[in-house]
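# Secondary and tertiary structure notes
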Protein chains: 2
Amino acid sequence: MLLLRRCHGLTRFGHAHIQSRRHLPPAVLSHAARLCSTHDNTSDRHLSGLSWKHGLAGLLAGAGAVIAFGLHRHEAEHPAAAAAAQTAESSSSLPVFSQEEVSQHRSLSDGVWVTYRGGVYDITDFVAMHPGGEKILLAAGGALEPFWALYAVHNQEHVLEILSEYKVGELCAEDLKKQKPAESSDPYSTDPDRHPVLRVNSLKPFNAEPPPEILTDSYITPSAFFFKRNHLPVPQVDPASYQLQVEGLPGGAVTFSLEDLKTRFPKHDVTATVQCAGNRRSEMDREKQVKGLSWGISAISNAKWSGARLRDVLLAAGFGPDVAQWARHVHFEGLDKDVTGAAYGASIPLNKAVSEEGDVLLAYEMNGEKIPPDHGFPVRVVVPGVVGARSVKWVGKIAVSAEESSSHWQQYDYKGFPPGTDWNTVDYKSAPAIQELPVQSAITSPADGALIDSSDGFLTVKGYAWSGGGREVVRVDVSLDGGQTWQVAKLRSSDEAHEAPPPPGRAWAWKLWELTAPLPPPAQELEIICKAVDSSYNVQPETFPPIWNLRGLLSNAWHRVTVKIIEG
Amino acid sequence: MLLLRRCHGLTRFGHAHIQSRRHLPPAVLSHAARLCSTHDNTSDRHLSGLSWKHGLAGLLAGAGAVIAFGLHRHEAEHPAAAAAAQTAESSSSLPVFSQEEVSQHRSLSDGVWVTYRGGVYDITDFVAMHPGGEKILLAAGGALEPFWALYAVHNQEHVLEILSEYKVGELCAEDLKKQKPAESSDPYSTDPDRHPVLRVNSLKPFNAEPPPEILTDSYITPSAFFFKRNHLPVPQVDPASYQLQVEGLPGGAVTFSLEDLKTRFPKHDVTATVQCAGNRRSEMDREKQVKGLSWGISAISNAKWSGARLRDVLLAAGFGPDVAQWARHVHFEGLDKDVTGAAYGASIPLNKAVSEEGDVLLAYEMNGEKIPPDHGFPVRVVVPGVVGARSVKWVGKIAVSAEESSSHWQQYDYKGFPPGTDWNTVDYKSAPAIQELPVQSAITSPADGALIDSSDGFLTVKGYAWSGGGREVVRVDVSLDGGQTWQVAKLRSSDEAHEAPPPPGRAWAWKLWELTAPLPPPAQELEIICKAVDSSYNVQPETFPPIWNLRGLLSNAWHRVTVKIIEG
């Protein structure tokens, strides 16, 4: 008998006793999984028509969900067995298999076998319950270690516990020896050092944000504090041999060296804010659980980027009016690759890529210095006004195309779905890939739960505001009384007072804002709210439920913090 | 003693007894006026630095507020006197003045005198209480008739009652005779006939919208039903002598005849939705009173416009990269003029005007026929994705400029202010002129209060959705339970099924939508709500209070209708 228990998250449902996994109808498993809404294994059944490469990518994209795993955790029937299973290396009376035998089990019909630290596991029944979906099949017939090295979220005790239950044998000693090199390699071992102040949401791949209290201390975010959102290990790129390949234009592929980009094209500076589609996901998650990295309010930062304009490079590579007749998209591929060799990829609409006013850069500098490894050294794309996911780092290939990128991140991840859509009903084709982001703002000070000394009678509230598509933030309203009344914050758009305002439709950088106002009449607690208005007079929605979506993207409802007033 | 009474609107305050208007400090008058929040006479004090021309324009813009006047209505102390005053023509023992004497009273220091139907009135004390503000000074020293003919909202009994109280004499017979021609002329006498189905919000100038139930019956709105928003009388323009003047470019002014526009430039078709900034104002007004025409949900319509591209005409007139160095705006002036000879005017940013993707037209056809008089015959500007106020009708002049238009409608009317701003605190410079509009949607069927027969078990909901800036509506969510749950409506983007989708950022036309869903479990009443999402994933705000603004513009909160369920 199996005991599925400890469903973490909002939907703790206590102890569900299920007789036998193997004999349960899929509907029951699906239901159980849905109750355990930390993840939903059924979600990826809809991916069945996709290549496994996409599926694998999905695992990375959903890394946050896997971190939050902790469900389908179970114990073997006997505590002793459970304890033994912790190591997954205990000696046993189980049969010994060769790698060749293991390799014959690579499908649901033949059985799905994997090896891990010398053990052989038949995980056929687990496939349907895998938080990352059927992408687990990529490991079929081979060793788990390289995958778990890449998706380090698996390195948790309860994951080993789950695995232990599926053990069917031992790998023969000779074949185990051959695996050793793979086992010891950590694709993240060459990732750069990061500043310890960052709040890490995922270590491998590295995803981290600065504390809100330092985020708005400078208009330009120092690169060390700039939020980091990697999908894969940081690639090691030699700038001397770096080549950017441009494809899809008449005359065939053209390559540019870093030196070419620096010397053959005018250098443009663009101050642009980059925001992750998942910024403020944790707030949406509090309303109802979503799947993804638990970002706070700081998955957004602002830098001065310098480089060649994409437009200029495309023109040099053969773009012209004839191409504009049929082309609709420009694809980017990173030099960061997953274990199958697939690169991170995305695309943007052609008109954004080639417009003189689009300001899309192939940037080789960030804040006046060469781009740090975490941000795309030596060259990254910067697509101002557009979701960060399209500003592909470590860009190695650009392709002009009639079609949108088929990459997982374009087709199956960064999209917004209606509040009623769950992992059972999601139709990926029904929503457009996120490009321009909606209007956003947040309060960086005071922090939620802060104690405010009432002795000086005034309160200062600070934050940031930004909108996608080059739409300038024209106003930030701040309420100190939970939305009853509103005051207008003072906006700051640059470090340099004399800087000209951006042309209409090209306001790529955020505005920092500040309001100092008298503390409202005696109150022990204040709910402080901010909401921004952009130049198209779009506004932020009031609450999260009407914009809730299963991936927790586009989380831009009013930001609220509650503070306590104390007498000084 | 004066009796200020019958304060219409939300703030009925019963009978306020005020001893003498003449001796009241301005603060008291101001306070009284504020209580009577149907309008606020203090609002236009802030206009004191502006030309009267602007002020006059403001009166037109605020015509709805004047219609809703009915305040500061008062009776003379004796009922008999009040009755006599109704005609304002009764013989009296008052002194007789010449026009020359009247003309010497044209300021607050010299007194403000006007004539009306042979009577002479000293309205000095009324100036501060005039709903249209100090623009009343334009009439100082002369006859009211031409102004009241233009702003026909004055032709109401209670306005005559107010006037009667200020009578100080009679105009001498000889001078009265000279006035006759002015008195008899109605600048609206040549306005075209309109379809009787339209719901008229103001007759002079003509402002009307189609009933919601016919609005979404066709994707292209027939011109007869297309909402009409005129600021002034419809000008009579002879197409044979029509001249469009283009100024501000090197080489001086260039003129184009209608024939020039038709033959010298390629003809472009653009299907574009036009929406008034005041669409759905009546809903915002229900939350808290605003100033403006009381539009329902139909101050929006969709047509196929054909004409020369503004870009092409500007290029032909001398626009080039040198001009782009200094120019920032393109101004439009209509051939519709007010009594001072000032034309309706507006401007748009240069980049919108000259962009190949901006699709700004000098349109001479609407839905395949010459543009009807109400919609700008023979030539109007169509600025897709932008508030209707910038699509200047009967366009007579275009000017390229470094500055935004100084027109009233650009500087002092179509702007969005914070919810906390009232007519005492409004700072017109603090908000940008509305250009792109935010995402919008509304339910056209069923109507609010409709009775729904439950016998077939299903309910069909229909409506429109649109967003500014060429952002395509990507989804409309409909709730049948007051926002608890949401279903996705089916979108229709064209009459022709095979029509290609618009390029990104050029979705100028609305989408019609429809949802047929089972009636929720037994309920006597349903609150139906719609909300749209555009391609930048901006959404509509939930409620009106957080977007409330004193002019009732940009009213795009969720649209809600309540229906009653009856058994068939």
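Residues numbered from 1 in each chain as written. Chains lettered and ligands numbered in written order. Predicted model: local features only at pLDDT ≥ 70, side-chain atom pairs only at ≥ 80, totals over all residues. Heavy atoms only, no water.

### Overview of the overall build of chain A
To keep it simple, the criterion reads: In this text, helices come from DSSP runs of H or I with a minimum length of four residues, and strands from runs of E with a minimum of two, each type numbered from the N-terminal end. Exposure classes here rest on a 1.4 Å probe applied to the protein chains alone. A residue is buried below 20% of its type maximum, exposed above 50%, and partly exposed in between. Method for areas: the Shrake-Rupley scheme with a 1.4 Å probe, in which residue coverage is limited to the protein chains shown.
Within chain A one finds 15 helices and 29 strands. A total of 568 residues make up chain A; the buried ones form 58% of that total. Accessible surface computed for chain A: about 22,100 Å², of which carbon and sulfur atoms make up 53%.

### Concerning helix H7 (residues 157–164) of chain A
With seven of its eight residues buried, H7(A) lies for the most part within the structure. Buried residues of H7(A): A:His158, A:Val159, A:Leu160, A:Glu161, A:Ile162, A:Leu163 and A:Ser164, and no others.

### Quick look at the relation of the copies chain B and chain A
Where we set the bar: A least-squares superposition brings the copies together, and it is based on the C-alpha atoms of residues with pLDDT no lower than 70 in both. Note on contacts: a residue pair qualifies if any of its non-hydrogen atoms lie within 4.5 Å across the two residues.
Its rotation angle being 180 degrees, the transformation that places chain B on chain A also includes 0.0 Å of axial translation and leaves an RMSD of 0.1 Å. Such a combination of turn and shift is consistent with a two-fold rotation axis. Of every C-alpha in chain B, the one belonging to B:Pro541 sits nearest the axis of rotation, 2.5 Å from it. Taken together, the interface assignments show that 100% of the residues at the interface of chain B recur at the interface of chain A, consistent with an identical surface on both copies.

### Re the sheet that holds strand S10 (residues 228–229) of chain A
Residues and elements named next belong to chain A. Quick note on the threshold: Strand pairing follows a simple DSSP-based rule, namely that at least 2 bridges must link the two strands.
Spatially, S8-S9-S10 is the arrangement adopted by the three strands of the open sheet, whose pairing is antiparallel. Looking at which strands have only one partner, the edges of the open sheet turn out to be strand S8 (199–202) and S10. Bridge count for strand S9 (residues 207–209) against S10 is two bridges, and the pairing is antiparallel. Bridge pairing links Asn-207 to Arg-229 in S10.

### A look at the sheet that holds strand S4 (residues 106–107) of chain B
Residue and element names in this part refer to chain B. Overall, mixed pairing links the five strands, which are arranged S3-S7-S6-S5-S4 in an open sheet. Where the open sheet ends on each side, the last strands, each with one partner, are strand S3 (96–97) and S4. Here strand S5 (residues 111–116) pairs with strand S6 (residues 119–122) via four bridges, running antiparallel. Bridge assignment links Trp-113 to a residue of S6, and that residue is Asp-122.

### Things to note about the interface of chain B and chain A
Accessible area lost upon the coming together of the parts serves often as the stated size of an interface. This is how the line gets drawn: Accessible area that two parts lose when put together, with a 1.4 Å probe and added across both, is what the buried area reports. For salt bridges, the criterion is a side-chain nitrogen of Lys or Arg within 4 Å of an Asp or Glu carboxyl oxygen. Within 3.5 Å is the distance limit for a polar contact, defined as a pair of N or O atoms, with the added protein rule that one can donate a hydrogen and the other accept it, and that residues adjacent in sequence qualify only through two side-chain atoms.
The partner chain A presents 36 residues to the 36 residues of chain B that form the contact. Buried area between chain B and chain A, summed over both chains or domains, comes out near 2,800 Å², and the portion from carbon and sulfur atoms is 56%. Where chain B meets chain A, there are zero salt bridges. If you look at where chain B meets chain A, you find 16 residue pairs in polar contact (both at pLDDT 80 or more).

### What about unusual backbone geometry?
Here the residue pair A:Phe377 and A:Pro378 is connected by a cis peptide bond, since its omega of 5 degrees sits within 30 degrees of zero. Examined against the element boundaries, A:Pro378 turns out to sit in the loop between strand S18 (369–370) and strand S19 (380–382). In this chain, B:Lys204 is followed by B:Pro205 through a cis amide linkage whose omega measures 0 degrees. Turning to its location among the elements, B:Pro205 is positioned in the loop between strand S8 (199–202) and strand S9 (207–209). Despite not being glycine, A:Trp394 shows a phi value in the positive range, around 50 degrees. Even without being glycine, B:Arg117 reaches a positive phi, approximately 45 degrees.

### With respect to the state of the cysteines
Rule in force here: Any two cysteine sulfur atoms within 2.5 Å of one another count as a disulfide.
By the definition in use, this model includes zero disulfides over all chains. Its sulfur unpaired, A:Cys276 is 19 Å from the next cysteine sulfur, which belongs to A:Cys530.

### Comments concerning the side chain of B:His105
Residue and element names in this part refer to chain B. As for its position among the elements, His-105 is in the loop between helix H5 (99–103) and S4. Residue class for His-105 comes out buried when judged on its relative accessible area of 17%. Excluding residues that lie within four positions of it along the chain, His-105 makes contacts with Asp-110, Gly-111, Val-112, Trp-113, Ala-140 and Gly-141.

### Some words on the pattern of salt bridges
All names here are of chain A. What the rule picks out here adds up to 38 salt bridges over all chains. With a shortest N-O distance of 3.4 Å, Arg-309 and Asp-312 are connected by a salt bridge. Arg-309 gets classed as buried once you look at its relative accessible area, which sits at 14%. With a closest N to O distance of 2.9 Å, Glu-436 and Arg-471 form a salt bridge.

### Quick word on the environment of A:Phe458
Residues and elements named next belong to chain A. Tracing the sequence through the fold places Phe-458 in strand S23 (residues 458–466). The class for Phe-458 is partly exposed, based on a relative accessible area of 46%. Separated by 59 residues in sequence, Phe-458 and Ala-517 have C-alpha atoms that sit 5.5 Å apart. When near neighbours in sequence (up to four residues on either side) are disregarded, Phe-458 contacts Thr-516, Ala-517, Pro-518 and Leu-519.

### Digging into the packing of aromatic side chains
Residue and element names in this part refer to chain A. Stated precisely, the cut-off is as follows: The pairing test for Phe, Tyr and Trp rings, Trp by its six-membered ring, is centres within 6.5 Å, and the orientation test on the planes gives stacked under 30 degrees, edge-to-face over 60, and tilted for anything in between.
Overall, the coordinates contain 22 aromatic pairs over all chains when judged by the stated rule. A ring pair is formed by Phe-226 and Phe-227, whose centres lie 5.7 Å apart and whose planes are at 15 degrees; its orientation type is stacked. Phe-226 gets classed as buried once you look at its relative accessible area, which sits at 2%. Exposure remark for Phe-227: the relative accessible area of 5% places this residue in the buried category. The rings of Phe-226, Phe-227, Trp-295 and Trp-305 are connected pair by pair, giving a single aromatic cluster.

### Structural notes on the confidence of the model for chain A
All names here are of chain A. Under the convention used in this document: For every residue, the predictor states its confidence as a pLDDT score lying anywhere from 0 to 100.
Of all residues in chain A, 82% have pLDDT values of 70 or greater, and the mean over the chain is 84. Here residues 1–90 is modelled with pLDDT under 50, and outside its nearest four sequence neighbours on either side it reaches 187 contacts, counting other chains as well. We note a pTM of 0.77 for the whole complex and an ipTM of 0.77 for its interfaces.

### Some thoughts on the pairing of strand S28 (residues 525–534) of chain B
Residues and elements named next belong to chain B. Along S28, eight of the ten residues are buried, which leaves the element largely enclosed by surrounding structure. Examined bridge by bridge, strand S24 (residues 473–479) and S28 share six bridges and lie antiparallel to one another. Bridge pairing in S28 links Ser-479 to Ile-529. Inspection of the sheet shows S28 paired to strand S29 (residues 559–566) by six bridges, in the antiparallel sense. The partner of Glu-527 across the bridge, within S29, is Thr-562.

### Focus on the environment of A:Ala507
All names here are of chain A. Mapped onto the fold, Ala-507 is located in the loop between strand S26 (490–492) and strand S27 (511–518). Residue class for Ala-507 comes out buried when judged on its relative accessible area of 6%. In this structure, the C-alpha to C-alpha distance between Ala-507 and Gln-245, residues 262 residues apart in sequence, is 30 Å. Those residues in contact with Ala-507, other than ones at most four positions away along the chain, are Ser-467, Gly-470, Arg-471, Glu-472 and Pro-502.

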